[in-house]
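# Breakdown of the fold
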Amino acid sequence: MVLGSGLSGLADGVSGGVSIPFREVPGFPEPTVPGHTGRLVFGEVEGKKVLLQAGRFHFYEGHNSDVVVAPVRMAAGLGVRSVLLTNAAGSVSSGLVTGSIMMIEDHVNFMARSPLAGPVLEGEQRFPDMSQPYDATLRGVAREAARELGIDLPEGVYAAVLGPSYETPAEIRLLRGVGADAVGMSTVPEAIAARASGLRVLAFSVITNQAAGLSKDPLNHDEVLEMGKVSGGRLEKLLRVILGKM
Ligand code: HPA
């Protein structure tokens, strides 16, 4: 499970877990982004064996695919079968308010790069099917968990951009035109790499802000982290119930 900006709370709640800082894992650099603490935690949550990744690597940090999807590939190699991804994202559609949690139903890759470019790695497909990137059964489990918790769980399309500058109002109009509901700078590389290995994927965005042009206020990373913390608690509860049902 990958925990994004300001969303690493679940990693603290693992009982009897083993925590390993990224710098001690061969091939993992230390994340350069504040709010991405950078560690792997192996343990149990709700009776399920989990590998939690607090913090992640982004293309905008200058990393290439070998680094950005190294944790997903490592998890696949360890026998993990399902990958849960979380991120902070801006709302592109007016119906998606700040503080809400969106379940990703599909994505648009606007990063202009793929983690699969280059030689085909063992266990990965050259041309993976992406007609159902986010697993229908797991999404059903998530809907049921949200219902039980009384959490509103809108579903939508996540557009991934390279960043690191936030979008312009014109870019947000473009994203809305192609059907995006939320925008962010992560998650899609991991989802693609996971699908290439046949892993099931489930993903959530915490809507930390209205995207450019939808609000009078300029965007800043501190606000994103702060809102991530506010809604992160609800997402953590949701993830726990989902794990319990998996
Ligand atoms: N744009 C891109 N990435 C983001 C945003 C945004 O508005 N908010 C959080 N991550």
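Refer to the structure printed above.
Residues numbered from 1 in each chain as written. Predicted model: local features only at pLDDT ≥ 70, side-chain atom pairs only at ≥ 80, totals over all residues. Heavy atoms only, no water.

## A look at empty space enclosed by the protein
Enumeration over the complete set of coordinates arrives at 1 cavity of 30 Å³ or more. Quantified by volume, the largest cavity comes out at close to 40 Å³. Put simply, the parts of the chain that give the lining of the largest cavity at least two residues each are helix H1 (9-12) and helix H7 (221-245). Top contributing element to the lining of the largest cavity by residue count: H7, with 4 residues. Across the lining of the largest cavity, the residue classes tally to 5 nonpolar, 2 polar and 1 charged. (1 Å grid on protein atoms, 1.4 Å probe; cavity = no way out; pocket = protein on both sides within 12 Å on 5 of 7 lines; lining within 4 Å. Points joined across faces, edges and corners; volume = space filled by probe spheres on them. Helix = DSSP H or I, 4+ residues; strand = E, 2+ residues; numbered from the N terminus. Nonpolar A, V, L, I, M, F, W, Y, C, P; charged D, E, K, R; others polar.)

## Some thoughts on the site of the ligand
Residues in contact with the ligand, as listed here, are Ala 88, Ala 89, Gly 90, Tyr 166, Glu 167, Val 183, Gly 184, Met 185, Thr 208, Asn 209, Leu 219 and Val 224. One of the backbone N or O atoms of Gly 90 is found 3.3 Å from a nitrogen atom in the ligand. In this structure, Asn 209 approaches the ligand through a side-chain N or O atom, which is 2.7 Å from a nitrogen atom. Coverage of the ligand by the protein chains reaches 96% of its 260 Å² of free accessible surface. Listing elements by their share of the shell around the ligand, those giving two or more residues are strand S5 (82-91), strand S8 (182-184) and strand S9 (200-210). No other element matches the 3 residues that S5 contributes to the shell around the ligand. Of the residues contributing to the shell around the ligand, the split by class is 7 nonpolar, 4 polar and 1 charged. (Near = heavy atom within 4 Å. Polar contact = N/O pair within 3.5 Å; in protein donor to acceptor, adjacent residues only side chain to side chain. Areas by Shrake-Rupley, 256 points an atom, 1.4 Å probe, with all protein chains shown as cover.)

## Overview of the pairing of S9
Sheet faces and side chains relate simply in a regular strand, where the side chains alternate between the two faces. S9 sits mainly inside the fold: 10 of its 11 residues count as buried. For S5 and S9, the ladder comprises 10 bridges, and the chain directions are parallel. When the sheet's bridge partners are listed, Ala 88 is paired in S9 with Val 206. (Buried < 20%, exposed > 50% of the residue type's maximum accessible area, 1.4 Å probe, protein only. Pairing = 2+ DSSP bridges.)

## Some points on the layout of surface pockets
Unfilled space is identified by rolling a water-sized probe across the atoms. Its volume calculated, the largest pocket comes out at about 640 Å³. Considering the residues around the largest pocket, the lining is formed by 23 residues, among which Lys 49, Val 50, Val 80, Arg 81 and Ser 82 are closest to the centre. Listing elements by their share of the lining of the largest pocket, those giving two or more residues are strand S3 (39-45), strand S4 (48-54), helix H3 (70-77) and S5. Ranked by the residues each element gives to the lining of the largest pocket, the list is headed by S4, at 5 residues. In the lining of the largest pocket, the residues fall into 15 nonpolar, 4 polar and 4 charged.

## Overview of the environment of Val 45
As for its placement among the helices and strands, Val 45 is situated in strand S3. By relative accessible area, Val 45 is classed as buried at 1%. Taking the C-alpha atoms as reference, Val 45 lies 6.9 Å from Arg 240; in sequence the two are 195 residues apart. Sequence-distant contacts of Val 45, defined by excluding residues within four places in its chain, comprise Val 14, Val 50, Arg 240 and Leu 243. (Contact = heavy atoms within 4.5 Å.)

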